[in-house]
Amino acid sequence: MAETEDTPKIELRGVKKRFGSKVVLDGIDLTLSRGQSLVIIGGSGSGKSVTIKCVLGILTPDDGRIFVDGQDATRLRGRAREAMLRKFGMLFQGSALFDSLPVWENVAFGLIQGRGMERRRARDIAIEKLAKVGLGPEVATLSPAELSGGMQKRVGLARAIAADPEIIFFDEPTTGLDPIMADVINDLIVSTVKDMGVTTLSITHDMASARKISSRIAMLYKGKIIWNGPTAEIDSSGNPYVDQFIHGRADGPIKMEVRS
Amino acid sequence: MNIFAAIGRVFLAFLAQTGRLTLFMIDSVTSIVRPPVYWTLIGEQMLKIGYFSLPVVGLTAFFTGGALALQIFVGSDRFGAESFVPNIVVLGITRELGPVIAGLMVAGRVAAAIAAEIGTMRVTEQIDALTTLSTNPTKYLVVPRLVAAVVTLPVLVLVADAIGVFGGYVVATRSLDFNGSIYVKNTIDFVTNQDIWSGVIKMGVFGFIIALMGCYNGFHSKGGAQGVGNATTNAVVSSFILILASNYFLTSVLFLR
């Protein structure tokens with residue numbers, strides 16, 4: 001498929017994934033337009049992280065196709081896949097910082113290892129990106145273990161934007177943070193996304209975060225997208241599953257599975 | 001419970017595991033020749049795997065050589081063959097005990113460390129992060145460890161051989177009243193190039209096994225701390241078994257031609 005302005009940035013068509021007998025994704029269809037900020041909500045174990053990992057090629061879908069800028073990502077291998085991955089940045093749930101490297105090398109990792117940039121120049125860019133997320137140059141030489149959870153998230157965000165990606169994935173960006181720090185991270189995400197004009201796909205079950213960082217919300221339940229619409233319309237979705245989830249009610253059509 | 005079904009399940013699981021390991025090995029070996037090559041990481045791993053294993057391997061080799069000299073002396077004393085102590089010590093150390101003892105010690109130290117490090121990276125999503133940063137985890141994590149182990153362990157066994165023979169020399173000259181210069185002459189006269197090379201080849205193979213099992217188990221660890229613990233145990237146990245099994249086959253190939 002040739003890439004045009006109307007070509008979706010990411011498109012999932014009938015994506016299926018199962019682990020043993022457990023069906024995690026049961027034919028997902030999802031389209032993410034250029035510049036859009038989509039948040040996928042859903043309970044724990046509903047397949048949100050699996051969706052993201054399938055797009056990135058960390059997991060291989062059992063069926064279905066995934067297109068990135070019109071290119072079938074499920075068929076890309078080797079160098080072509082690495083080139084496709086250069087379009088992405090990702091903030092992991094636990095930040096996933098490399099504990100053997102100082103902060104600046106974590107931020108500059110993709111530039112040095114992935115793009116072969118000279119270390120001194122990569123370090124300058126890393127310090128510049130750290131400043132964008134509100135961290136001073138004195139943090140650059142610290143080890144990730146010396147940072148608080150909130151600071152680790154900021155470093156993770158700096159790493160995600162270091163190579164100026166076209167698409168950023170946020171995996172549970174506010175999990176494990178206190179409400180104030182969570183809001184600081186949400187604000188950072190919103191301002192960064194606005195400045196860079198990127199397309200974002202986030203997954204979360206924190207509704208305050210979802211409302212703040214998204215232009216659209218999709219809800220994943222039992223391996224299927226059961227609702228997909230503008231963020232402003234989620235309170236009037238008319239979907240009992242969505243209503244139960246966004247209001248955090250124990251009673252409703254969603255029954256919590258005790259075993260994964 | 002159907003016993004045949006249980007046996008079948010275990011057998012199928014074994015085949016699946018063997019298949020996964022084989023694919024992992026092929027991917028790792030072919031990645032060695034595909035750029036980019038992380039020379040700095042290879043150098044770092046050479047230090048960690050080879051150089052930092054020197055003390056433990058050296059000490060083990062020294063005491064093994066000493067114990068071997070004592071045992072051979074006591075055993076050969078029954079039929080008046082005590083003079084063969086230096087010959088049998090050097091043969092035993094270079095052909096078998098040097099590489100096997102060094103291999104097992106390095107497996108305990110290095111395979112466990114590799115599995116724990118990579119396993120922790122797996123469960124904290126650091127390996128997934130490598131992928132999102134356009135870095136192939138196999139090339140970045142496995143290849144440097146594999147190359148470093150295969151290159152440095154043969155050198156390590158040469159050192160272990162020398163220290164092991166020295167251990168035998170110390171015991172023989174201090175406790176068993178051997179003449180030092182005659183002991184050394186007998187050792188040098190008796191040892192052949194093949195004895196030394198066989199140990200070097202064995203240790204190259206053991207190095208490959210140790211790094212491969214450490215990386216494989218680390219890469220496939222699941223869950224949290226318990227998963228990493230299991231990966232570490234599996235890496236050490238499987239390395240031990242494969243080292244001892246391959247040692248038998250290598251001895252057959254190298255000496256029974």
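Let us look at the structure shown here. Everything numeric in this text was worked out from a predicted model, so none of it was measured.

## Things to note about the nonpolar core
And step 1. Grouped together as the largest cluster of nonpolar side chains are 132 residues, with contacts concentrated most on Val107(A), Ala102(B), Ala111(B), Leu146(B), Ala149(B), Ile210(B) and Cys215(B).
And step 2. Once you skip the residues sitting within four places of it in the chain, Cys215(B) turns out to touch Ile114(B), Ile118(B), Leu141(B), Val142(B) and Arg145(B).

## Points about helix α6 (residues 179–196) of chain A
Residue and element names in this part refer to chain A.
And step 1. Over its 18 residues, α6 runs 26 Å from end to end, which matches the ideal 26 Å to within 8%, given 1.5 Å per residue.
And step 2. Of the positions making up α6, those classed as buried are Ala-182, Ile-185, Asn-186, Leu-188, Ile-189, Thr-192 and Val-193. Mapping the buried residues of α6 onto a view down its axis gives an arc of 160°, with all of them on the same face. Along α6, the residues that are exposed and aim more than 90 degrees away from the buried face are Pro-179, Ile-180, Ser-191, Lys-194 and Asp-195.
And step 3. Buried-residue contacts for α6 involve β3 (37–41), α4 (119–132), α5 (149–161), β7 (167–171), β8 (199–204) and α7 (207–213).

## Examining the packing of helix α2 (residues 39–50) of chain B against helix α6 (residues 137–174) of chain B
Residues and elements named next belong to chain B.
And step 1. For the pair α2 and α6, the least separation of the axes is 8 Å and the interaxial angle reads 45°. Here α6 runs oblique to α2, going by the angle between their axes. As α2 runs across α6, the sense of the crossing is right-handed. Seen from α2, the contacting residues are Leu-41, Ile-42, Gln-45, Met-46, Ile-49 and Gly-50; seen from α6, they are Pro-144, Arg-145, Val-147, Ala-148, Ala-149, Val-151, Thr-152, Leu-153, Val-155 and Leu-156.

## Brief notes about the sheet that holds strand β10 (residues 224–230) of chain A
Residue and element names in this part refer to chain A.
And step 1. Strand order in the open sheet made by the six strands is β6-β7-β8-β3-β9-β10, with mixed pairing throughout. Among the strands making up the open sheet, the edge pair consists of β6 (88–91) and β10. Ignoring strand direction, the axes of neighbouring strands in this sheet form an average angle of 15°.
And step 2. Here four bridges tie β6 to β7, and the two strands are oriented parallel to one another. When the bridges of β7 are listed, Gly-89 appears paired with Ile-168.
And step 3. The sheet contacts of α5 involve β6 and β7, and relative to β6 the element is tilted by about 175°.

## Section: the sheet that holds strand β2 (residues 22–32) of chain A
Residue and element names in this part refer to chain A.
And step 1. The antiparallel open sheet is built from four strands, whose spatial order is β2-β1-β4-β5. Of all strands in the sheet, those with a lone pairing partner are β2 and β5 (71–72), marking the two edges.
And step 2. Both strand β1 (residues 10–19) and strand β4 (residues 63–68) contribute to a ladder of five bridges, which runs antiparallel. Counterpart to Glu-11 in the pairing with β4 is Phe-67.

## A closer look at the pairing of β4(A)
All names here are of chain A.
And step 1. In this sheet, β5 lies alongside β4 in antiparallel orientation, the contact comprising two bridges. Directly across from Val-68, in β5, lies its bridge partner Gln-71.
And step 2. What sits between β4 and β5 in their antiparallel hairpin is a turn of two residues, with Asp-69 showing a positive phi close to 50°.

Cut-offs used in this document
Residues numbered from 1 in each chain as written. Chains lettered and ligands numbered in written order. Predicted model: local features only at pLDDT ≥ 70, side-chain atom pairs only at ≥ 80, totals over all residues. Core = buried A, V, L, I, M, F, W, Y, C linked by C-beta atoms within 7 Å. Buried ≥ 20, exposed ≤ 12 C-beta atoms within 10 Å, placed from the backbone. Contact = placed C-beta atoms within 7 Å. Helix = DSSP H or I, 4+ residues; strand = E, 2+ residues; numbered from the N terminus. Expected span 1.5 Å × (residues − 1). Arc of directions from axis to C-beta. Axes fitted to C-alpha atoms, helices over the stretch in contact; angles between N-to-C directions. Parallel < 35°, antiparallel > 145°, perpendicular 65-115°, else oblique. Left-handed = near helix turned anticlockwise from the far one by under 90°. Pairing = 2+ DSSP bridges.

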